[in-house]
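The residues making up each chain are set out below.
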Amino acid sequence: MPKMIEQPYQYRRRELVEPDWTRFPGWAGVTEADWASAQWQRVHCVKNVKQLRELFGDRLHESFYEDLEADIAHSATMSMLLPPQMLNTMVPAVEETGAGSWTDAFYADPVRRYMLPVASDRRSDWPSHPFAARDSLHEHDMWAVEGLTHRYPTKVLAELLSTCPQYCGHCTRMDLVGNSTPTVDKRRLSLKPVDRQTAILEYLQAHPGVRDVVVSGGDVANLPWKQLERFLDRLLDVETIRDIRLATKALMGLPQHWLQDEVVEGMARVAKRAAGQGVNLAIHTHVNHVNSVTPTVARAAAAMLDAGVRDVRNQGVLMRGVNDTQADLLDLCFALQGEANILPYYFYMCDMIPNAEHWRTSVAQAQELQTAIMGYLPGYATPRIICDVPMVGKRWVHQLSEYDRELGISYWTKNYRTSIEADDPDALTRRYPFYDPIDTLPKAGQAWWANMHAPHAAKEAGNAAAAQSRQASARQDEAAEVG
C-alpha cells in the first residue's frame with residue numbers, strides 16, 4: 001500500500017453534527033419541535049447580560065459577565081442579538097457541569113470571539129486604527145437614493161432595512177445596522193419601506209447600465225416574506241437586471257427561517273420566474289467557522305437549491321482568533337462545499353471600522369493564507385481572499401500595486417469611477433491606501449505610527465478625513481441636482 005504523504009493540511013471527512021442544545025441549563029427542557037420553529041428561535045434570542053446569565057446558569061465565572069458589561073459600555077459597536085441556533089454552535093463539545101467550568105472554553109471559542117466580544121478581547125494599545133471610520137467603505141456617501149449604494153459601474157447594493165436576526169461584532173455596516181450602543185449613535189433610514197423600495201426600483205429603471213443587484217440590509221430574513229417577494233417581483237420587472245443576490249447570514253444563524261413553508265414555496269415562485277427570464281438568482285450567506293455548519297444549515301441550503309435558487313455562496317470574513325489559519329479556512333470550506341453544498345466564494349479582510357483591530361489581519365497574512373489554501377479544494381470552490389479597499393472596491397489580496405510592509409501601507413489602483421467621482425480626473429490614476437493593523441508591524445513601523453498618533457497628528461488626520469467626506473457628499477449632491 002502506498003505510503004501516505006505528510007501534508008501541511010490533512011483532509012479527513014467530518015460529518016456535520018447538531019450540538020445538543022440541552023447542555024445549556026436554560027434550554028434543558030427545549031423540545032426538537034421548539035428548536036425547529038423559527039418563531040421560537042426569534043423569541044428566545046439573547047439580547048442582554050441578564051438573559052445570558054439565565055441561559056448559562058453558573059457555568060460562567062462572574063468575571064466573564066463583568067468583562068462583557070465593560071465591552072458593552074465602552075467599546076461595542078453592535079448591540080447583543082444572538083439566536084439560539086447561533087449560540088448553540090459555541091463551545092459545542094463542552095461536557096463539564098460545575099460552576100464556572102465553561103469559562104475558559106467560552107473565552108477561547110471562535111464563534112464567541114466575533115459574535116459576543118468582551119473588553120479583554122480588544123487591544124488596549126490600538127483598539128482602532130487612526131484611519132478607522134464608521135462607514136469605512138463610504139457606502140452612505142455613494143447612496144444614489146436612500147439605501148441604494150451605487151459603487152460599481154454595473155452593480156448596486158440595495159439596503160432594504162437596517163436590522164438582522166443576529167448582530168456580528170465586526171459588522172462593516174455598524175454605522176447603520178442595528179440598535180445604537182453607548183458608543184455609537186446609529187444612522188437611521190428615514191423613508192417608509194415602500195417609498196424606499198419604490199425609489200430604488202425607479203433608479204434601476206432609469207439606469208439600464210446596472211445589471212446586478214445585491215438585496216441586503218441588514219438581513220433580508222428580517223423582511224416579512226410577502227414584502228420581500230413583492231420587491232423581488234418588481235425587481236424582475238426591470239428588464240436590464242440579470243443577477244440578483246440575496247444576502248442573509250440567517251441561513252446559518254437562523255436557518256429555521258429559510259425552512260418555513262411560506263419561505264420555501266415563495267422562493268420557488270421567485271426562482272421559477274427568474275429562471276424563465278434568464279436571471280441568475282443566488283443566496284449569499286456569511287459563515288466564519290466550521291462549528292457553525294450544522295445539519296440544519298445544510299437542510300436550509302438544500303431547501304433553497306431545491307426551490308430553484310441557482311447557487312448558495314458563502315462570503316466569510318477573515319478574522320484573527322476566528323479563522324486565520326490554513327486549517328481553519330480549509331476545515332470550513334470542506335464543510336461548506338462537501339457537506340452543505342454551499343460554495344466557498346469570498347473571505348473578506350475585516351474592514352477598518354472602530355474597535356476592530358484585534359480582528360483585523362495584515363495584507364501579508366492574507367496573502368500567505370490565500371497561497372496556503374490553494375490546491376486542496378476544487379478550483380471552483382477555492383475562495384478568493386479579498387481586500388475591500390475604501391474608494392476602490394474588492395481586490396484580490398495579491399492585486400496591490402505597492403506594499404510598504406514596515407509601515408503597513410498597501411497601495412491600490414482601480415479601473416472605474418464610483419458614483420461620487422464623475423468629475424474626478426485622477427480617480428483612475430490615483431493610488432489608494434489600505435492600512436495593516438499597527439500591532440502586526442515591525443517595531444520601527446509601530447514607532448512611526450505611535451508618533452503619528454500624537455494628539456496634533458491625530459487631529460490633522462481627522463480633519464483630512466472629514467474634509468474628504470464633505471467633498472464626497474458635495475459631489476453626490478451635485479450629481480443628484482444634475483440628474
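Owing to the predicted nature of the structure, the values given are computational and were not obtained by experimental measurement.

1. Some words on the pattern of salt bridges
Pairing is possible between side chains that carry opposite charge, provided their charged atoms lie close to one another.
So, step 1. Inspection of every chain in the model, using the stated rule, returns 27 salt bridges.
So, step 2. When the shortest N-O distance is used, the salt bridge between Arg 173 and Glu 159 registers 3.5 Å. Linking Arg 173 in the loop between strand E3 (155-159) and helix H8 (193-206) with Glu 159 in strand E3, this pair joins segments that are 14 residues apart in sequence.
So, step 3. Residue Asp 311 is joined to Arg 313 by a salt bridge in which the shortest nitrogen-to-oxygen separation is 3.1 Å.
So, step 4. Where salt bridges share partners, they join Arg 123, Asp 125, Arg 320 and Asp 439 into one cluster.

2. Here we look at the packing of aromatic side chains
So, step 1. One pass over the structure, following the stated rule, counts 21 aromatic pairs.
So, step 2. Taken together, a centroid distance of 5.7 Å and an interplanar angle of 85° make the contact between Phe 56 and Trp 102 edge-to-face. Placement of the pair is Phe 56 in helix H3 (residues 49-56) and Trp 102 in the loop between helix H5 (84-87) and helix H6 (103-108), with a sequence separation of 46 residues. Residue Phe 56 shares its accessibility class with Trp 102, and that shared class is buried.
So, step 3. Measuring from centroid to centroid gives 5.0 Å for Trp 448 and Trp 449, while their planes differ by 85°, and the two rings are edge-to-face.
So, step 4. The class for Trp 448 is partly exposed, based on a relative accessible area of 35%.

3. Regarding the sheet that holds strand E9 (residues 384-389)
So, step 1. Spatially, E1-E2-E3-E4-E5-E6-E7-E8-E9-E10 is the arrangement adopted by the 10 strands of the open sheet, whose pairing is mixed. Of all strands in the sheet, those bounded by a partner on one side alone are strand E1 (143-145) and strand E10 (393-396).
So, step 2. Those strands touched by helix H9 (residues 225-236) are strand E4 (212-216) and strand E5 (243-247), and its axis lies near 170° from that of E4.
So, step 3. In the packing of helix H12 (residues 261-276) onto the sheet, contacts are made with E5 and strand E6 (280-285), and the angle to E6 comes to roughly 135°.

4. Section: unusual backbone geometry
So, step 1. In the segment running from Gly 217 into Gly 218, the intervening peptide bond is cis, with an omega of 25°.
So, step 2. As for its placement among the helices and strands, Gly 218 is situated in the loop between E4 and H9.
So, step 3. The backbone of Val 91 sits at a positive phi, close to 35°, despite the residue not being glycine.
So, step 4. Here Val 91 shows up in the loop between H5 and H6.
So, step 5. Accessibility expressed as a relative area gives 5% for Val 91, which makes it buried.
So, step 6. Phi angles above zero are rare outside glycine, and His 138 is one such case at about 60°.

5. Considerations on H12
So, step 1. For H12, spanning 16 residues, the distance from its first C-alpha to its last is 23 Å, which sits close to the expected 22 Å at 1.5 Å a residue.
So, step 2. Looking at H12, one finds that the buried residues are Val 263, Gly 266, Met 267, Val 270, Ala 271 and Ala 274. For H12, the angular spread of the buried residues around the axis is 135°, confining them to a single face. In H12, the exposed residues that point more than 90 degrees away from the buried face are Asp 261, Lys 272, Ala 275 and Gly 276.
So, step 3. As for H12, its buried residues are in contact with H9, E5, helix H11 (255-258), E6 and helix H13 (295-307).
So, step 4. Of the residues one or two after H12, Gly 278 is the one with positive phi, at around 75°.

6. Remarks on the UniProt feature "domain: Radical SAM core" (unreviewed entry) in the chain
So, step 1. On the UniProt side, "domain: Radical SAM core" (unreviewed entry) is annotated at positions that read residues 150-381 here.
So, step 2. The span residues 150-381 is 38% helical and 16% strand by assignment, and the distance between its end C-alpha atoms comes to 28 Å.

7. Details of the packing of H3 against helix H4 (residues 62-74)
So, step 1. Where H3 contacts H4, the two axes come as close as 11 Å, and the packing angle between them is 155°. Classified by the angle their axes make, H3 and H4 are roughly antiparallel. Handedness of the crossing formed by H3 with H4: right-handed. Along the contact surface, H3 presents Val 49, Leu 52, Arg 53 and Phe 56, while H4 presents Glu 62, Phe 64, Tyr 65, Leu 68, Glu 69 and Ile 72.
So, step 2. Looking at the contact of H3 with H4 residue by residue, the classes come out as seven nonpolar, no polar and three charged.

8. Regarding the sheet that holds strand E12 (residues 409-412)
So, step 1. Here we have three strands laid out as an open sheet, ordered E11-E12-E13, and antiparallel in their pairing. At either margin of the open sheet sits one strand with a lone partner, and together these are strand E11 (402-404) and strand E13 (432-435). Strand-to-strand, the axes of this sheet are offset by a mean angle of 20°, without reference to chain direction.
So, step 2. One ladder, built from four bridges, connects E12 with E13; its direction is antiparallel. For Tyr 411, the partnering residue across the bridge sits in E13 and is Pro 433.
So, step 3. Relative to the sheet, helix H15 (residues 363-373) contacts E11, E12 and E13, its axis offset from that of E11 by approximately 120°.

9. A look at the pairing of E3
So, step 1. Counted residue by residue, E3 has four buried out of five residues, so it is predominantly covered.
So, step 2. Pairing of strand E2 (residues 148-149) with E3, which is carried by two bridges, proceeds in the antiparallel orientation. From the neighbouring strand, Thr 149 faces E3, where its bridge partner is Leu 157.
So, step 3. Count of turn residues in the E2/E3 antiparallel hairpin: five residues.
So, step 4. Summarising the sheet, E3 and E4 pair through five bridges and their orientation is parallel. Counted as the bridge partner of Ala 158 is Val 215 from E4.
So, step 5. Each parallel crossover has a hand, and the one from E3 via H8 to E4 is right-handed.

Definitions and limits used
Residues numbered from 1 in each chain as written. Predicted model: local features only at pLDDT ≥ 70, side-chain atom pairs only at ≥ 80, totals over all residues. Heavy atoms only, no water. Salt bridge = Lys/Arg side-chain N within 4 Å of Asp/Glu carboxyl O. Helix = DSSP H or I, 4+ residues; strand = E, 2+ residues; numbered from the N terminus. Phe/Tyr/Trp six-rings, centres within 6.5 Å; stacked < 30°, edge-to-face > 60°. Buried < 20%, exposed > 50% of the residue type's maximum accessible area, 1.4 Å probe, protein only. Pairing = 2+ DSSP bridges. Contact = heavy atoms within 4.5 Å. Axes fitted to C-alpha atoms, helices over the stretch in contact; angles between N-to-C directions. Expected span 1.5 Å × (residues − 1). Arc of directions from axis to C-beta. UniProt positions renumbered as here; feature names shortened; annotations may be inferred. Parallel < 35°, antiparallel > 145°, perpendicular 65-115°, else oblique. Left-handed = near helix turned anticlockwise from the far one by under 90°. Nonpolar A, V, L, I, M, F, W, Y, C, P; charged D, E, K, R; others polar. Right-handed = clockwise from strand over helix to strand, strands pointing away.

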